[in-house]
Amino acid sequence: MSNATGPVCPRDALPVLQWHRRRAVRALVEAIAPGQQLGLFYRHLDETVWSFLKQAVRVPRDFSRISEALAQAPAWPPTTILVATGTYSEELVLTKPVTVIGNEGGQLASLNASGRVTPVKFQQEGPAAAFPRLHGFGIVGDASCVVVDRGSARLTDCTVTSKQSFGIVASGAASVTVVSSTFTGIKKAAVVLKDRSTGVIRGCSFKQNQSVAILARQEASPEVAENTLTQNRMAAIQFREKSTGAIKGNVLERNEGCGIELCDEASPNIEANTFRGHTMPAVMLRGSSAAKLSANTIEANLGLGIVVCGSARPEVLGNRLCENRKRSSTAPVEQRRIDAQVRVLQTSKRAEAASATLDAVASSAAAPPAAISRAREAAAAAWTEAVEAADEVAAIAPGSSAAAKGSKRAAIIVQDESAPLVKANVLEGNDGYGILVCHTSRPVIEENELRKHSRPAIALRDRTECVVRGNKLHDNPGFGIIVCDAAKPTLEQNELARHGQAAILVKDAASGLLRSNRLLENRGVGILVSDDAKPILEDNACSGNNPPHIVFKDRAGGALRRTRVLAAAGAQAAGAVDAGWLRLSDEARPELDEQGGLLSDGGEVAAVGQVDQTGVGDVSSGPGGTGADGLPAPKRARTDAESSARGEQPSEQK
């Protein structure tokens, strides 16, 4: 309770005070505008001053405690309570349309509560158009600082710190608006919206909280906009279950967990946010999320950019991912931090589950006290474990020598059974892959731009059957696209230019369709097929690559149809194009069309390389130049052995 003293208003004296205040306002207006009772300025000034002071009550002048002023406030019209600077140890329950202002003197009034006491509870009664508001308070407690379980509430310019629990919790069908407030040092989630609650969290600062900064659960639908979230120990923003809403225009920096994590069926719109300095993925989507990520900037993160896993089906549109996962002298330490943060995520999920169990048991009228006690102990133990995991992350200091094994590095990872749309993004200068697709995921990757990646710009692994269409891959120092394992993608209408190695590498037991791609001015070959890979190559155009343009090595098979070999820039005639556009090893047996895999229409193609027919023969031993099935046998190009017999250099040495 405040130590300030002053005259106390009797409980039945509020109408008398109102009458005196009205007279005082009119005297003030008369002094400012004498003799102008009928003038516009006089009326405007009178209405402006009186509209604010007509229901104003001061603490401790009129009431010694804020709770007493709230109890005496009328249900209508709305009341303003002005609280003097000081420390108030009490529990406020706001049920009426009151505005409680705690920073009238320029400094925040402080609400402190200890034990299991909640400093502020919003339980609105009456019309939704007028709801309680709290402005300019520092709220500190051991339990949850603010609880909104029905009606609407608004908090502005407050600071919130909870030593043992949550900052703000909104539940049921409540609606909460939090503006320009600061959350720091909170042990559990700083702001929680659950059940069917809604709200707006705008212009707030979340810094150095020990758990998730903003958590939306069940069917909550908040708008999270223009906040700053920095150095929180777990995910800065986490949406779970069936929560929706919008996450827009936030700045997320150096959080030890993910920047944004979506679980289960959570599907908010994530738009125009900025992510920097995260060691965990900047954005993690798992479960069956169908969120939309658009126009975000993901740059200079130490971990991954975007990870899509589980059976998630988000849309990833128009984002910019640059300079992520750059190596540094502290790379081993950062890897240890990443491994430790995986444990943070696991323990935090267990803690959230234990808390949900406690809520369910405590809300049951038939639950025995012993069961409630056990659930409370389990929740406490789970949260203790989560905090210890977070402490472990914080304890990893620079200079630690032990390093965990390396992990996949990519700006965007698509894995498990997910099927996102990855479209119109710009990826540049990331250390590792640009886009890594693995497991049985089936994304559609189209119209993206990928430049200057230290590993292949796009890597397709495992058994993925994705579609990669209409992308531009330029100036990557390694491969453009690599297809490996048993992947079976469709690659079509992509442009790959100026790569340090083969523009497209297909290896292992991979297959799929490569159609209508443009392979231009690559320092390696255009397409390299090796091992037991069997892709179908058709209608691809090659120009200016280091010849041969297409190479089949080892036991590679598949099919080659209608390849266009265009004259390189500056070439004046067909003879300027290397005649050895295709090279096969001894065991390679791709099927070639009737023109030997080369399209020579003499019209559209500016210059077509010559295919030396010497050594071209039937692949099978069928009679009369036919295959085993009696159909005309496909032709093949010279093998390396045949090239050696002619005094030419084998393809792998070119």
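Residues numbered from 1 in each chain as written. Predicted model: local features only at pLDDT ≥ 70, side-chain atom pairs only at ≥ 80, totals over all residues. Heavy atoms only, no water.

Under an unreviewed UniProt entry, the protein has the name Right handed beta helix domain-containing protein and belongs to Alexandrium monilatum. Heading Pathway (unreviewed entry) of the UniProt record for the protein holds this comment: "Protein modification; protein ubiquitination." (UniProt positions renumbered as here; feature names shortened; annotations may be inferred.)

Caption draft 1: Examining the overall build of the protein more closely. Along its length, the protein carries six helices and 56 strands. Per-residue burial for the protein yields a buried fraction of 52% across its 654 residues. If you take every contact in the protein between residues at least 6 apart in sequence, the share linking residues at least 24 apart comes to 50%. In the form shown here, the protein has an accessible surface area of approximately 27000 Å², with 50% of it arising from carbon and sulfur atoms. (Helix = DSSP H or I, 4+ residues; strand = E, 2+ residues; numbered from the N terminus. Buried < 20%, exposed > 50% of the residue type's maximum accessible area, 1.4 Å probe, protein only. Contact = heavy atoms within 4.5 Å. Areas by Shrake-Rupley, 256 points an atom, 1.4 Å probe, with all protein chains shown as cover.)

Caption draft 2: Spatial organisation of the layout of surface pockets. Reported here for the largest pocket is a volume of approximately 960 Å³. As for the largest pocket, its lining consists of 32 residues, of which R116, S165, F166, K188 and L358 are closest to the centre. Of all the secondary structure elements, the ones that give two or more residues to the lining of the largest pocket are β10 (146-150), α4 (331-363) and α5 (369-395). Its residues placed into classes, the lining of the largest pocket shows twelve nonpolar, nine polar and eleven charged. The residues that make up the lining of the largest pocket include at least three from each of domain 1 (53-211) and domain 2 (339-362 + 379-387). (1 Å grid on protein atoms, 1.4 Å probe; cavity = no way out; pocket = protein on both sides within 12 Å on 5 of 7 lines; lining within 4 Å. Points joined across faces, edges and corners; volume = space filled by probe spheres on them. Nonpolar A, V, L, I, M, F, W, Y, C, P; charged D, E, K, R; others polar. Domains from an automatic or database assignment.)

Caption draft 3: A look at the pairing of strand β7 (residues 120-123). Pairing geometry for strand β4 (residues 92-94) and β7, over three bridges, is parallel. The residue bridging V93 from the neighbouring strand is K121, located in β7. (Pairing = 2+ DSSP bridges.)

Caption draft 4: Main features of the state of the cysteines. With the rule as written, the count across this model stands at zero disulfides. Of all cysteine sulfurs, the one in C158 lies closest to C204, which takes part in no disulfide; the gap is 9.4 Å. Given a relative accessible area of 2%, C204 falls into the buried group. The thiol sulfur of C309 is not disulfide-bonded, and the nearest other cysteine sulfur, from C263, lies at 8.9 Å. (Disulfide = S-S within 2.5 Å.)

Caption draft 5: Structural detail: the pairing of strand β37 (residues 433-437). Of all five residues in β37, five are buried, a share of seventy percent or more. Where β37 meets strand β40 (residues 458-460), three bridges bridge the pair, whose relative direction is parallel. Paired with L436 across the two strands is A459, which belongs to β40.

Caption draft 6: Region of the structure containing the environment of C438. Along the chain, C438 turns up in the loop between β37 and β38 (444-446). Residue classification places C438 among the buried residues on the basis of a relative accessible area of 0%. Considered as a pair, C438 and A459 are 21 residues apart in the sequence and their alpha carbons are 8.2 Å apart.

Caption draft 7: Broad picture of the packing of aromatic side chains. Per the stated rule, a full pass over the model turns up one aromatic pair. Summarising the aromatic geometry, the rings of F183 and F206 are spaced 4.7 Å apart at their centres and angled 5 degrees between planes, so their arrangement reads as stacked. You can see F183 sitting in strand β15 (residues 182-184) and its partner F206 sitting in strand β18 (residues 205-207), a full 23 residues away along the chain. Residue class for F183 comes out buried when judged on its relative accessible area of 0%. Its relative accessible area of 0% is what places F206 among the buried residues. (Phe/Tyr/Trp six-rings, centres within 6.5 Å; stacked < 30°, edge-to-face > 60°.)

Caption draft 8: Structural detail: unusual backbone geometry. Put simply, V59 and P60 share a cis peptide bond, and its omega is 10 degrees. You can see P60 is positioned in the loop between β1 (56-59) and α3 (66-72). In this model, P547 is joined to P548 through a cis peptide bond whose omega is 0 degrees. Structurally, P548 can be placed in the loop between β51 (541-543) and β52 (550-552). The phi angle at K452 is positive, at roughly 60 degrees, despite the residue not being glycine. Considering the arrangement of structural elements, one finds K452 in the loop between β39 (449-451) and β40. Positive phi, normally seen in glycine, also occurs at D531, with a value near 60 degrees. Of note, D531 is situated in the loop between β49 (527-529) and β50 (536-538).

Caption draft 9: Quick peek at the pattern of salt bridges. Taken as a whole, this structure holds 26 salt bridges when the rule is applied. The residue R409 makes a salt bridge to D431 at a minimum N-O spacing of 3.6 Å. Of the two residues, R409 sits in the loop between α5 and β34 (410-414) while D431 sits in the loop between β36 (426-428) and β37, which places them 22 residues apart along the sequence. Taking the relative accessible area as the measure of exposure, D431 reaches 5% and is therefore buried. Between R515 and E492 there is a salt bridge, with the nearest N and O atoms lying 2.6 Å from each other. One end of the pair, R515, is in strand β47 (residues 513-515); the other, E492, is in strand β44 (residues 490-492), with 23 residues separating them in the sequence. (Salt bridge = Lys/Arg side-chain N within 4 Å of Asp/Glu carboxyl O.)

Caption draft 10: Expanded view of the environment of R154. With respect to the helices and strands, R154 occurs in strand β11 (residues 152-156). The class of R154 is partly exposed, set by a relative accessible area of 28%. Contact partners of R154, with chain neighbours within four places excluded, come to F122, F131, P132, R133, L134, T177 and V179.

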